[in-house]
Amino acid sequence: MVFPAFLFNYNFFEKRGCLKLTSLSDEVTTNEAGHLTIGGVDTLKLVSKYGSPLIAYDVSKIKSQISHFKQAFIDADVPYRVTYASKAFSAVAMYQLVAGEGLGCDVVSGGELVAALKGGMPAKRIEFHGNNKLPIELEMAVDAQIGCIVVDNFQEIAYLDKILKEKDTTISVVVRVAPGIEAETHKYISTGQENSKFGFDVHSGQAKKALKELLDNPRMNVLGVHCHIGSQIFAARGFVMAVDKMVSLLQQWHEEFGFSAKLLNLGGGFGARYVDSDAPSPAEDFVKQIIAEVKEKIAAANLEFPEIWIEPGRSLVAEAGSTLYTVGSRKDVEGVCHFVAVDGGMGDNIRPALYQAKYDAILANKPHALKEQIVTVVGKYCESGDILVKDALLPITHPGDILAVPSTGAYGYTMASNYNRNPRPAVVFCEDGQDKLIIRRETYDDLLSYDLGL
Ligand SMILES: Cc1ncc(COP(=O)(O)O)c(C=O)c1O
Ligand SMILES: N[C@@H](CCCC[NH3+])C(=O)O
């Protein structure tokens, strides 16, 4: 069914004060041609230059988020480090950007480590995470003498010990604990609970045993403790609870082992806005509440004040990125459904299929046109679950229209696949009206280059 146009005329109802229908599309920036712009660049020009699907970042939005996180620490005058969790979006250009902004970065694989070093991230500002770091990855980290390895399990301690002995060297480590806190988020992205695969469990005594092993090892320099309670968290409450648990742990460890943590790493997980109804706390609010709690609890426990580390990933890049698609076919079953298909889908954004994640959609060639249809935006992959936006309120679309899905900057490209042998999209950085290709589009030759045949 196509609805009568007046039903979706925001202005008509809003002027009469009887309806407040908003979407991310009401906040878009456009140029004189009436086209959606990103970082001051016309999105239609981007697609004609680089093709689609295309992931376009507004670099100023990334920089602004970085400065909000940093400023809250600076204002409170406490020692800190903001470490970008690069799994959210890993590209050499991104490491260059965050290194230039004075951040550290967290890597979770040899591939991310190589890219971070290539991007000029100083090794001492890199921390290595992961629940099953391979011996070869640990060796790479030791050889690069990165800032710290966030030790996750006993097997890792054994591997690391062997590598350090063989190389006759030392490394700094941080103990990752599972603090037993369930974050209010999707269960697939909740990581702080006791049954998480990540980190040493506190209650069973694993964490204490791990600390003792690390302290007893002369080749490992224990800098502090780490926890990460989950991702896409909207309120500071979970972080405040994590501070309480971590400081009480530090107090016990101080009493028992005389251990004094130089740093307290509270992980990432700060939420981003995907659709209009999402309302994550602003970056500075999270940080302010974390700092207030650390100050209070550390003073009460009479401990040395540690450097406070956080690891935002999603919140730095999600809202800065949008994916531009070209509209192709459509299917209308009157009274049942309306599908608008685009030239990408679950291969460049698996999040709706994996987490039932919600997105909005904007017609980039006429973002302010009357929205008169509710459609399901689907991709081109051979899966019924290949849905990008479930109920998108859009103007009538036509083949060749450019459709933008905002807030795809985190865990989109980094979780992209070659399903159905579709090449991964290109990525551009846009700022002050200039665009720069930072990841080129994959070609069929790229895909075939791995394929050895018989
Ligand atoms: C240890 C760790 N730190 C930081 C992050 C980044 O999380 P987010 O992108 O939600 O900020 C993750 C991912 O959830 C993580 O596992
Ligand atoms: N990839 C997830 C979050 C996992 C974060 C990494 N521990 C997402 O898209 O929301």
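For every chain, the first residue of the written sequence is number 1, and numbering continues from 1 onward in sequence order. Here every chain gets a letter starting at A, and every ligand a number starting at 1, in the order they are written. Residue-level local features of this predicted model are given only where pLDDT is at least 70; pairs of side-chain atoms are given and counted only at 80 or more, and the full residue set underlies all totals for whole chains, interfaces and linings. With hydrogens and water set aside, each side-chain value is computed from the structure's full complement of heavy atoms.

**So, the overall build of the protein chain**
- Helix and strand definitions here come from DSSP, where helices need a minimum of 4 consecutive H or I residues and strands a minimum of 2 consecutive E residues; each element is numbered from the N-terminal end. Along its length, the protein chain carries 13 helices and 20 strands.
- For this measure, only C-alpha atoms enter the radius of gyration; the expected value for a globule follows 2.2 Å times N^0.38, where N is the number of residues. Taking 454 residues into account, the globule formula puts the C-alpha radius of gyration at 22 Å, and the protein chain, at 24 Å, falls close to it.
- Contact criterion: two residues are considered in contact whenever any of their non-hydrogen atoms come within 4.5 Å of each other. If you take every contact in the protein chain between residues at least 6 apart in sequence, the share linking residues at least 24 apart comes to 69%.
- Counting every atom, the protein chain has about 19,600 Å² of accessible surface; 53% of that belongs to carbon and sulfur.
- In the protein chain, the 45 positive side-chain charges and the 56 negative ones have mean positions that sit 1 Å from each other. Accessibility throughout is a Shrake-Rupley quantity obtained with a 1.4 Å probe, and a residue counts as covered only by protein chains that appear here. Neither His nor the chain ends is counted toward charge; the positive residues are Lys and Arg and the negative residues Asp and Glu. Here the site of a charge means NZ on Lys, CZ on Arg, CG on Asp, or CD on Glu.

**A word on the UniProt feature "modified residue: N6-(pyridoxal phosphate)lysine" (unreviewed entry) in the protein chain**
- UniProt positions are given in the numbering used here, feature names are shortened, and annotations may be inferred rather than shown by experiment. Those residues carrying the UniProt feature "modified residue: N6-(pyridoxal phosphate)lysine" (unreviewed entry) are Lys87 in this numbering.
- On the secondary structure map, Lys87 appears in the loop between strand S4 (80–85) and helix H4 (92–100).
- Think of it in three bands: residues with accessible area under 20% of the maximum for their type are buried, residues over 50% are exposed, and the middle band is partly exposed, with areas taken using a 1.4 Å probe on protein chains only. Since its relative accessible area comes to 28%, Lys87 is described here as partly exposed.
- Sequence-distant contacts of Lys87, defined by excluding residues within four places in its chain, comprise Asp106, Val108, Glu112, Tyr411 and Thr414.

**Brief notes about the side chain of Thr397**
- With respect to the secondary-structure elements, Thr397 resides in the loop between strand S17 (387–394) and strand S18 (402–406).
- For Thr397, a relative accessible area of 5% corresponds to the buried category.
- Of the polar contacts made by the side chain of Thr397, one reaches the side chain of Arg330; its length is 3.5 Å.
- Beyond its immediate stretch of four places on either side in the chain, Thr397 contacts Val327, Arg330, Val340, Leu363 and Gln373. Under the rule applied, a polar contact is a pair of N or O atoms within 3.5 Å (in protein, one hydrogen donor and one hydrogen acceptor; residues adjacent in sequence only if both atoms are side-chain atoms).

**Considerations on the pattern of salt bridges**
- By salt bridge we mean one thing: a side-chain nitrogen of Lys or Arg within 4 Å of a carboxyl oxygen of Asp or Glu. Tallying each qualifying case throughout the model produces 20 salt bridges.
- A salt bridge links Lys49 to Asp435; the nearest nitrogen and oxygen atoms lie 2.8 Å apart. Separated by 386 residues along the polypeptide, Lys49 in helix H2 (residues 43–50) and Asp435 in strand S20 (residues 434–439) bring together distant segments of the chain.
- With relative accessibility at 54%, the residue Lys49 sits in the exposed group.
- Asp435 sits in the partly exposed class, given a relative accessible area of 23%.
- Between Glu166 and Lys162 there is a salt bridge, with its nearest N and O atoms 3.2 Å apart. Taken together, the positions of Glu166 and Lys162, both in helix H7 (residues 154–167) and four residues apart, correspond to about one turn of that helix.
- A residue is classified by how much of its surface remains accessible, and Glu166, at 58% relative accessible area, is exposed.

**Side note on helix H6 (residues 135–144)**
- Looking at H6, one finds that the buried residues are Glu137, Leu138, Ala141 and Val142. Projected onto a plane normal to the axis of H6, the buried residues spread over an arc of 140 degrees and lie on a single side. Exposed and facing more than 90 degrees away from the buried side of H6 are Ile136 and Asp143.
- Buried positions along H6 lie against helix H5 (110–118), strand S6 (126–128), strand S7 (148–151), H7 and strand S8 (171–178).
- Just past H6, the residue Gln145 takes up positive phi, approximately 50 degrees. What the arc describes is the spread of directions from the helix axis to the C-beta atoms.

**Overview of the site of ligand 1**
- By convention in this text, a residue qualifies as near a molecule or strand provided that one of its non-hydrogen atoms is within 4 Å of it. Residues in close proximity to ligand 1 total 15 residues, the closest being His228, Ser231, Glu311, Arg314 and Tyr411.
- The separation between an oxygen atom of ligand 1 and a polar side-chain atom of Ser231 is 2.3 Å.
- When ligand 1 is considered free in solution it has 390 Å² of accessible area, and contact with the protein chains removes 93% of it.
- Residues of the shell around ligand 1, tallied by class, amount to three nonpolar, seven polar and five charged. When residues are grouped by polarity, Ala, Val, Leu, Ile, Met, Phe, Trp, Tyr, Cys and Pro land in nonpolar, Asp, Glu, Lys and Arg in charged, and all others, Gly among them, in polar.

**Some remarks on the pairing of strand S19 (residues 426–431)**
- In terms of residue burial, S19 counts as a mostly covered element, since five of its six residues are buried.
- Note: strand S3 (residues 54–58) against S19, five bridges, orientation parallel. Its bridge partner lying in S19, Asp58 is registered against Cys430.
- For two strands to be treated as a pair, DSSP must find no fewer than two bridges joining them. Note that S19 and S20 share five bridges and pair antiparallel. Residue pairing for S20: Val427 is matched across the bridge by Ile439.

**Section: the confidence of the model for the protein chain**
- In predicted models, pLDDT denotes the confidence assigned by the predictor to each residue on a 0 to 100 scale. Summarising the model, the protein chain shows a mean pLDDT of 93, and 92% of its residues fall at 70 or more.
- In this model, residues 1–22 is a region of pLDDT below 50 whose contacts with residues beyond four sequence positions or in other chains number 32 contacts.
- Across the interface, the model reports ipTM at 0.98; the global pTM reads 0.93.

**Quick look at the packing of helix H3 (residues 59–76) against helix H10 (residues 283–301)**
- Lines are fitted to the C-alpha atoms to define the axes, a helix being fitted only along its stretch in contact, and any angle between axes, read from their N-to-C directions, falls within 0 to 180 degrees. Between H3 and H10, the least distance of the axes is 8 Å, while the angle of their chain directions is 30 degrees. It follows from the interaxial angle that H3 and H10 lie roughly parallel. Where H3 crosses over H10, the two elements pack in a sense that is right-handed. Side by side, H3 and H10 meet where Gln65, His68, Phe69, Ala72, Phe73 and Ala76 of the first sit next to Ala283, Glu284, Val287, Ile291 and Lys295 of the second.
- Taken together, the residues that form the contact of H3 with H10 break down as seven nonpolar, two polar and two charged. Under this scheme an angle from 65 to 115 degrees is roughly perpendicular, one under 35 degrees roughly parallel, and one over 145 degrees roughly antiparallel; angles in between are oblique. When the near helix sits turned anticlockwise from the far one by under a right angle, the crossing is termed left-handed; a clockwise turn instead gives a right-handed crossing.

**With respect to the packing of aromatic side chains**
- Note on ring pairs: Phe, Tyr and Trp rings are taken, using the six-membered ring of Trp, and paired if centres are within 6.5 Å. Classes follow the plane angle, with under 30 degrees stacked, over 60 edge-to-face and the rest tilted. What the rule picks out here adds up to 12 aromatic pairs.
- Here the aromatic rings of Phe89 and Tyr413 are separated by 6.5 Å at their centres, their planes lie at 85 degrees, and the arrangement is edge-to-face. On the criterion of sequence distance, the pair formed by Phe89 in the loop between S4 and H4 and Tyr413 in the loop between S18 and S19 is long-range, its members being 324 residues apart.
- Consider the rings of Phe239 and Phe286, whose centres lie 5.6 Å apart with planes at 75 degrees: the pair is edge-to-face. Within this pair, whereas Phe239 is found in helix H9 (residues 237–257), its partner Phe286 is found in helix H10, the two being separated by 47 residues in sequence.
- For Phe239, a relative accessible area of 1% puts it in the buried group.
- Take Phe286: its relative accessible area is 1%, and that puts it in the buried class.
- An aromatic cluster is present here, built from Tyr57, Phe89, Tyr413 and Phe429 joined pairwise through their rings.
- Lysine NZ or arginine CZ positioned within 6 Å of the ring centre and within 35 degrees of the ring normal marks a charge as sitting over the ring. Of note, Lys209 hangs over the ring of Phe154, and the distance from its end group to the ring centre comes to 4.3 Å.

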